[in-house]
Amino acid sequence: MENEQKYTENDIQVLEGLEAVRKRPGMYIGTTDIKGLHHLVWEIVDNSIDEALAGYCNSIEIIINKDNSVTVKDNGRGIPVGIHPKTGISTVETVYTVLHAGGKFGGGGYKVSGGLHGVGASVVNALSSSVVVTVYKEGKIYEVKFANGGKTVQPLKVIGDCEDNRTGTTVTFKPDPSIFDTVIFDYETLKIRVRELAFLNKGLKLTLRDDRDEEDTTGDSFCYEGGISEYVRFINQGKTPIHEDIIHLEGTEENVFFEVAMQYNTGYNDNIYSFVNNINTHDGGTHEEGVRRALTRVINSYARKNGMLKEKDESLTGDDVKEGLSMIISCKHPNPQFEGQTKGRLGNSEVRKLADSVFSTGFEKFLLENPEDARLIVNKAMLACRARNAAKKAREITRKSDLQTTNFFGKLSDCKSKDPKVSEIFIVEGDSAGGSAKKGRDSMTQAILPLRGKILNVEKARLDKALGNEEIRTIITAFGTGIGEEFDLSKLRYDKIIIMTDADVDGSHIRVLLLTLFYRFFRPIVEAGHVYAAQPPLYRIMHGKTRKYVLNDEEKDKYLATLSDAVRQKAEVARMKGLGEMDAEELNETTMDIEKRVLRKITVDDCVSADAIFEKLMGDEVEPRRDFIVENAGYAINIDI
Ligand code: 1YM
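Analysis parameters
- Residues numbered from 1 in each chain as written.
- Predicted model: local features only at pLDDT ≥ 70, side-chain atom pairs only at ≥ 80, totals over all residues.
- Heavy atoms only, no water.
- Helix = DSSP H or I, 4+ residues; strand = E, 2+ residues; numbered from the N terminus.
- Buried < 20%, exposed > 50% of the residue type's maximum accessible area, 1.4 Å probe, protein only.
- Contact = heavy atoms within 4.5 Å.
- Areas by Shrake-Rupley, 256 points an atom, 1.4 Å probe, with all protein chains shown as cover.
- Phe/Tyr/Trp six-rings, centres within 6.5 Å; stacked < 30°, edge-to-face > 60°.
- Pairing = 2+ DSSP bridges.
- Axes fitted to C-alpha atoms, helices over the stretch in contact; angles between N-to-C directions.
- Polar contact = N/O pair within 3.5 Å; in protein donor to acceptor, adjacent residues only side chain to side chain.
- Left-handed = near helix turned anticlockwise from the far one by under 90°.
- Nonpolar A, V, L, I, M, F, W, Y, C, P; charged D, E, K, R; others polar.
- Salt bridge = Lys/Arg side-chain N within 4 Å of Asp/Glu carboxyl O.
- Core = buried A, V, L, I, M, F, W, Y, C linked by side-chain atoms within 4.5 Å.
- pLDDT = per-residue confidence, 0-100.
- Expected span 1.5 Å × (residues − 1).
- Parallel < 35°, antiparallel > 145°, perpendicular 65-115°, else oblique.

**Points about the overall build of the protein chain**
(1) Moving on: The secondary structure content of the protein chain amounts to 22 helices and 23 strands.
(2) Moving on: Within the protein chain, the proportion of its 641 residues that are buried is 53%.
(3) Moving on: Considering only contacts within the protein chain whose residues lie at least 6 apart along the sequence, 69% involve residues at least 24 apart.
(4) Moving on: A total accessible area of about 30,100 Å² is found for the protein chain, and carbon and sulfur atoms account for 49% of it.

Laid out in structure tokens, this is it:
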């Protein structure tokens, strides 16, 4: 009787707590949309991860059941089952029904929970229509059941023995449909986070399975012995790393564990992600600051010590050293302070020092021990630095030289239309082809920009020098978009930018130089599908009064096969030389006339492979470039970059 009385008092308190969660779920799980729904899974999984971090669990299983409930199983110690001194009920029931202000029962220990610090289980219970917790511990199987927002419907009881002395906790919960906009879990969304948790907790096996899917009975299993190193490898998949080994550094001080893994690739973007207790700190914080500061300092000091940066050279900036960098920073902290509007920033100042010292010591050592990799990394940052300065300069240039410049008008034969939607610009190799193109164009919509000789290779020349190049300046001005930070795609003056070069090795080379320029400075124009390559014909076949132009050998053979033997024998086949040798009429008919021409769209559907191609074509090594041009001279237009 006395016991019952006590239980009821607690029960009232408990329900008041859980009722608060049901009244304002947003305060506890952010939202009640699908994101909030998934949050319930992470709250339960976090308890298993804590158990893994404490060293007692190495396997977590997550199952979406047929009825859209979710089961989370771990092989940890099992939630304690004894009577809790404060509530007088079993600890496991207490964990699931008492809303704590923070900190786990007992406190003190090394806990790095990423979730709601122990209140997660009760929050999930409050927002579920049913919860069953099974604990395997000390040779027994215990079970406690809740329903309708956390009301205990079956206090903890022993339901059997576990023969194999296994331990662990299994929780099945069914979200309350009166709380959530949707109660249908999304497998793919859960999978991304499950994989991330596996990367962030090395050696921990996480399995996700969808029992709603009758065909897939195995699900996905993730376990990474290499931890965040494997995360970096995963991010760099399909990219071209500039050094083979992933750099992985770690250190611990006063219960704070810090680690970082990194690898540079040939791309221009950085992929830097940081985590504290498995939570993505999207606004960075002290752990990121420590690494960034150390990275910039160590690279500069290495570059100066080894004469790569001279005394007069400016230092590389944080932006320069992160170009093409894929990096994961992870910190496990017993008492993290999250700051900022969305709590996405780590505030603990002691972590800045730890991150800086672990990173600088380890990275310095790596550079010293791997001088070839060090050279590639420093070179990459120096190139980024040049690009940054060049962009600055280019902005100044394009601001100054506008369309009124007489010199500029001398080169560009602009179209009459000022409507970008119907306007196109032909960038033509050489003055003589430029002359024919000018005569053969539709001057209403087609602008002609002849290039004299080859434009500068912006990948190899210092970019500020490249922007001193008149051809390049003219192109920038003609496009009208501006460049760098001021780049504005909506200001593009032409719908189509058409590269018109000869179908020979020189033509391929000029095309690649132009594409390098576009890729480096005008990538959004390429991405938006404005760049094309014209396809001048390779052969002219004449018979009787008929003139037929074909693009390649295959088309030539096909066409000849359609002719009768007698006609074929008399047909004149000519190997068309340069664009310059076509008269205006011919050029119009074969290459420029909107009705008859064939254009190839240049796309960037895979920046990664484009990087690789550009590296091959424009990088320092001559051999691969020569091989590529020889192999692809006739087809270079076809590469989808
Ligand atoms: C599927 C969900 O909750 N596992 C889990 C939770 C706990 C423990 C082990 C645990 C913790 C401790 C001691 C400790 C929790 N215990 C508590 C509390 N999986 C899942 N596995 N023994 C076992 O923290 O000292 C809260 S969670 F508070 F009761 F100790």
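**Here's the deal with the side chain of Ser423**
(1) Moving on: As for its position among the elements, Ser423 is in the loop between helix H12 (406-411) and strand E16 (424-429).
(2) Moving on: The class for Ser423 is buried, based on a relative accessible area of 1%.
(3) Moving on: Apart from the residues within four sequence positions on either side, Ser423 is in contact with Cys415, Ser417, Thr445, Arg493, Tyr494, Asp495 and Lys496.

**Examining the packing of aromatic side chains**
(1) Moving on: Applying the stated criterion across every chain, the model contains 11 aromatic pairs.
(2) Moving on: Note on Phe199 and Tyr231: the rings are 4.5 Å apart at their centroids and 10° apart in plane angle, and the pair reads as stacked. Placement of the pair is Phe199 in helix H6 (residues 187-200) and Tyr231 in helix H7 (residues 228-235), with a sequence separation of 32 residues. For the pair Phe199 and Tyr231, a shared accessibility class is recorded, and that class is buried.
(3) Moving on: Arranged with centres 5.6 Å apart and planes meeting at 50°, the rings of Phe479 and Phe518 form a pair that is tilted.

**Describing the sheet that holds strand E13 (residues 325-332)**
(1) Moving on: What the five strands build is an open sheet, ordered E9-E10-E13-E11-E12; its pairing is mixed. Edge positions in the open sheet fall to strand E9 (247-253) and strand E12 (279-280), since each of these has one partner strand only.
(2) Moving on: In this sheet, E13 lies alongside strand E11 (residues 271-276) in parallel orientation, the contact comprising six bridges. Residue pairing across strands places Phe275 opposite Ser330, the latter belonging to E13.
(3) Moving on: Contacts from H7 reach E9, strand E10 (256-264), E11 and E13, with the element oriented near 150° to E13.

**Some details on the sheet that holds strand E2 (residues 70-74)**
Hydrogen bonds between backbone atoms are what pair the strands of a sheet, whose relative direction is either parallel or antiparallel.
(1) Moving on: Taken in spatial order, the eight strands of this open sheet run E5-E4-E3-E6-E2-E1-E7-E8, and their pairing is mixed. In this open sheet, the two strands that pair with only one neighbour each are strand E5 (151-161) and strand E8 (220-222). Across this sheet, the average inter-strand angle for adjacent strands is 10°, counted without regard to direction.
(2) Moving on: Both strand E1 (residues 59-64) and strand E7 (residues 205-210) contribute to a ladder of six bridges, which runs parallel. Paired with Ile63 across the strands is Arg209, a residue of E7.
(3) Moving on: Along the sheet, H6 contacts E1, E7 and E8; its crossing angle with E7, the most-contacted strand, is approximately 170°.

**What to know about the side chain of His530**
(1) Moving on: Here His530 shows up in the loop between helix H17 (523-527) and strand E19 (531-534).
(2) Moving on: For His530, a relative accessible area of 15% corresponds to the buried category.
(3) Moving on: Within the structure, the side chain of His530 is placed 2.7 Å from the backbone oxygen of Asp495, a separation counted as a polar contact.
(4) Moving on: Discounting residues that sit within four places of it in the chain, His530 has contacts with Leu489, Leu492, Tyr494, Asp495, Lys496, Ile497 and Ile525.

**Observations concerning the environment of Ala261**
(1) Moving on: Its location among the elements puts Ala261 in strand E10.
(2) Moving on: Look at Ala261 and you get buried, because its relative accessible area is 0%.
(3) Moving on: Aside from chain neighbours lying at most four places away, what touches Ala261 is Ile228, Ser229, Val232, Ile246, Ile247, His248, Ser326, Met327 and Ile328.

**Here's the deal with the packing of helix H8 (residues 286-305) against helix H10 (residues 349-369)**
(1) Moving on: Viewed as axis vectors pointing N to C, H8 and H10 meet at an angle of 30°, and their least axial separation amounts to 7 Å. The interaxial crossing formed by H8 with H10 has right-handed handedness. When H8 is examined against H10, the residues Thr286, His287, Glu289, Gly290, Val291, Arg293, Ala294, Leu295, Arg297, Val298, Ile299 and Tyr302 are found in contact with a partner set consisting of Ser349, Val351, Arg352, Ala355, Asp356, Phe359, Ser360, Phe363, Glu364, Leu367 and Leu368.
(2) Moving on: For the contact of H8 with H10, the class distribution of residues is 12 nonpolar, five polar and six charged.

**Some thoughts on the pattern of salt bridges**
(1) Moving on: Under the counting rule described, the total for this entry stands at 35 salt bridges.
(2) Moving on: The partner of Glu214 in a salt bridge is Lys66, with the nearest N and O atoms 3.3 Å apart. You can see Glu214 sitting in the loop between E7 and E8 and its partner Lys66 sitting in the loop between E1 and E2, a full 148 residues away along the chain. The burial state of Glu214 is the same as that of Lys66; both residues are exposed.
(3) Moving on: Here the salt bridges share partners, and the residues they tie into one network are Glu289, Glu339, Arg345 and Arg352.

**Some words on helix H15 (residues 470-479)**
(1) Moving on: With respect to burial, H15 is a largely interior element, eight of its 10 residues being buried.
(2) Moving on: Residues Glu471, Ile472, Thr474, Ile475, Ile476, Thr477, Ala478 and Phe479 constitute the buried set of H15.
(3) Moving on: Gly480 occupies a position one or two residues after H15 and carries a positive phi of about 85°.

**Describing the nonpolar core**
(1) Moving on: Counting residues in each nonpolar core, the largest one holds 59 residues, and the members touching the most others are Val41, Tyr96, Val133 and Phe173.
(2) Moving on: A per-element tally of this core places helix H3 (residues 34-53) first, with eight residues.
(3) Moving on: Counting residues in hydrophobic clusters, the runner-up holds 40 residues, among them Ile272, Ala294, Leu354 and Ile377.

**A few points about the confidence of the model for the protein chain**
(1) Moving on: Averaged over every residue, the pLDDT of the protein chain is 85; the share at 70 or more is 84%.
(2) Moving on: Note that pLDDT drops below 50 for residues 605-612; the model gives that stretch 13 contacts with residues more than four away or on any other chain.
(3) Moving on: This model gives residues 633-641 a pLDDT under 50, and the stretch forms 25 contacts once residues within four places in sequence are excluded.

**Concerning the pairing of strand E21 (residues 546-550)**
(1) Moving on: As defined by bridge partners, strand E20 (residues 539-543) adjoins E21 across five bridges and the pair is classed as antiparallel. Note that in E21 the partner of Met542 across the bridge is Arg547.
(2) Moving on: Connecting the antiparallel pair E20 and E21 is a turn made up of two residues, with Gly544 showing a positive phi of about 55°.

**Quick notes on the pairing of E2**
(1) Moving on: When you tally the buried positions in E2, you get four out of five residues, the bulk of the element.
(2) Moving on: In terms of strand pairing, E1 meets E2 through five bridges, oriented antiparallel. Following the sheet pairing, Ile64 is matched in E2 by Val70.
(3) Moving on: From the end of E1 to the start of E2, which pair antiparallel, there are five residues, and Asn68 there has a positive phi angle of about 65°.

**Side note on H10**
(1) Moving on: When the terminal C-alpha atoms of H10 are compared, their 31 Å separation across 21 residues agrees well with the 30 Å that a helix rising 1.5 Å per residue should span.
(2) Moving on: When we look at burial in H10, the residues that qualify are Val351, Leu354, Ala355, Asp356, Val358, Phe359, Ser360, Gly362, Phe363, Phe366 and Leu367.

**Topic: the packing of H6 against H7**
(1) Moving on: Two elements in contact, H6 and H7, have axes whose closest approach is 7 Å; the angle formed by their N-to-C orientations is 130°. Relative to H7, the element H6 is oriented oblique. Seen from H6, the contacting residues are Arg195, Glu196, Phe199 and Leu200; seen from H7, they are Ile228, Glu230, Tyr231 and Phe234.
(2) Moving on: Here the residues of the contact of H6 with H7 sort into five nonpolar, no polar and three charged.

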